[in-house]
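Structural overview for review
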Amino acid sequence: MPALHNYITVDTKAFLSSPDYMMAMYNMSKAMLEGDPGEDPECHAAKLLEVIILQCKGMNIDQVIPIFVELVLKRLTREVKTSELRTMCIQVIIAALFYNPALLLDTLEKIQIPGMPGGVFGHFVQQWIHDTDCFIGLHDRKLCVLGLVHLMQMPDNQSVTGHAQQLVPSALLLFDGLKRAYAARNDDESSEEGDSDEEGIDSELLDSDEDEIDDEGQAYLESLQEKVNKSSAGSGFTVKASIEDEESDSDSDDDYDGCEETSLEAYTTPLDEDDCPVDEYNIFKDVLASIQGSNPAWYGQLTSHLTEVQGKALAEVVTLANQRVAAKESKQIEQQGGYQFAQATVPGAFNFGAPTTSPFGK
């Protein structure tokens, strides 16, 4: 997987220079998702498809979106034991939505899966909303928020309006996780910097520092594990075989690694770059504000049912969005060498006598 990821991301233009390269990646993923290699290899196969879609956004890979989407949809109709594989397959479809919403909708309208009445898109949205709290880590939550923002801009789609009251709460749940995930990442970065600065400190002090327990970080990791083990009751995909989550006493889960999501996030996309212009907080804030102004009735369907706690959470998201804009601007100024002041002309000689004209015009 690392070699394949590099092949796609290091020189994307070269990767796209021949259709054979793309089809080779698809065929490898197809062999995994249609075979029975185990769910960990299948997760990596789906991740490979997601990386291709996000890496090649704006590079016209429209022709492969339908076959990517159909492949993961068919996998979802078979038994899935872990929420990780299910959400990874859903992420491929969300990535396609982020790539081109109109293309995805057109694709899903054409796909016919036996036993799935009412259209594939409706079942997909149902499963997605149901599994919102199974998306863990920075990348997965960010992509999920960006996908929900696209749904929020579909007030005329019946599959979306049927879940109108769940869209904003789902986004708020993701933002809560994002806040903790960003904090955990910043703590890790600060810890690494601190370790570097303390190389000359007495080893006894270092041993003492290592014994300290980060309760917040531990709680976050425990939360990730809990989400991975979530039940799949209420699944949107129930064709031929039900989608089931793992149970704690299942033999198939003996070797399951609750931190596996972190390893998948190592396969980065343009959305994960530090200077990525796509900020999920501000896009969500701007789109919701635009809906409030342009379609008050739809805005009411999205927000009128929010509880007091959810209302406060929404206000906090808006505040954080504004803070992230200010922080980005500050960082840009710092990278440019600080604030730029206008260059004033310095006179060559000074007259310290009484001025002939007052600076106040008198």
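Residues numbered from 1 in each chain as written. Predicted model: local features only at pLDDT ≥ 70, side-chain atom pairs only at ≥ 80, totals over all residues. Heavy atoms only, no water.

1. Focus: the packing of aromatic side chains
Applicable threshold: Only rings of Phe, Tyr and Trp enter the pairing, Trp through its six-membered ring, and a pair is recorded when the two centres are within 6.5 Å. The plane angle decides the type: under 30 degrees is stacked, over 60 is edge-to-face, the rest tilted. Runs of H or I in DSSP of at least four residues are treated as helices and runs of E of at least two as strands, each being numbered from the N terminus. Here the term buried applies to any residue with accessible area under 20% of the maximum for its type, exposed to any over 50%, and partly exposed to those in between, with areas from a 1.4 Å probe on protein chains only. Working rule: Lys NZ or Arg CZ, within 6 Å of ring centre, within 35 degrees of ring normal, means a charge sits over the ring.
Applying the stated criterion to the full structure yields seven aromatic pairs. Ring centres of Tyr-7 and Tyr-21 lie 5.9 Å apart, and the angle between their planes is 80°; this geometry places the pair in the edge-to-face category. Of this pair, Tyr-7 sits in helix α1 (residues 2–9) while Tyr-21 sits in helix α3 (residues 19–34), and the two are 14 residues apart along the sequence. Look at Tyr-7 and you get partly exposed, because its relative accessible area is 40%. We classify Tyr-21 as partly exposed; its relative accessible area is 33%. Taken together, a centroid distance of 5.1 Å and an interplanar angle of 65° make the contact between Phe-175 and Phe-284 edge-to-face. With Phe-175 in helix α11 (residues 164–197) and Phe-284 in helix α15 (residues 280–294), this residue pair connects regions lying 109 residues apart in the sequence. Phe-284 matches Phe-175 in its accessibility class, with the two residues each being buried. Members of the aromatic cluster, connected to one another through ring pairs, are Tyr-7, Phe-15 and Tyr-21. Seen from the ring of Phe-98, Lys-57 lies directly overhead, with NZ or CZ sitting 4.7 Å from the centre. Looking at Arg-324, its charged tip hangs above the ring of Tyr-182, at a distance of 4.8 Å from the centre.

2. Focus on the pattern of salt bridges
Quick reminder of the rule: A side-chain nitrogen of Lys or Arg and a carboxyl oxygen of Asp or Glu constitute a salt bridge if their distance falls within 4 Å.
Applying the stated criterion across every chain, the model contains 11 salt bridges. Residue Glu-280 pairs with Lys-142 through a salt bridge whose shortest N-O separation is 3.9 Å. Taken together, the residues Glu-280 in helix α15 and Lys-142 in helix α9 (residues 138–152) connect sequence positions 138 residues apart. For Glu-280, a relative accessible area of 0% gives the class buried. Among the salt bridges present, the one from Lys-285 reaches Asp-286, with a minimum N-O distance of 3.9 Å. Classification of Asp-286 as partly exposed rests on a relative accessible area of 44%.

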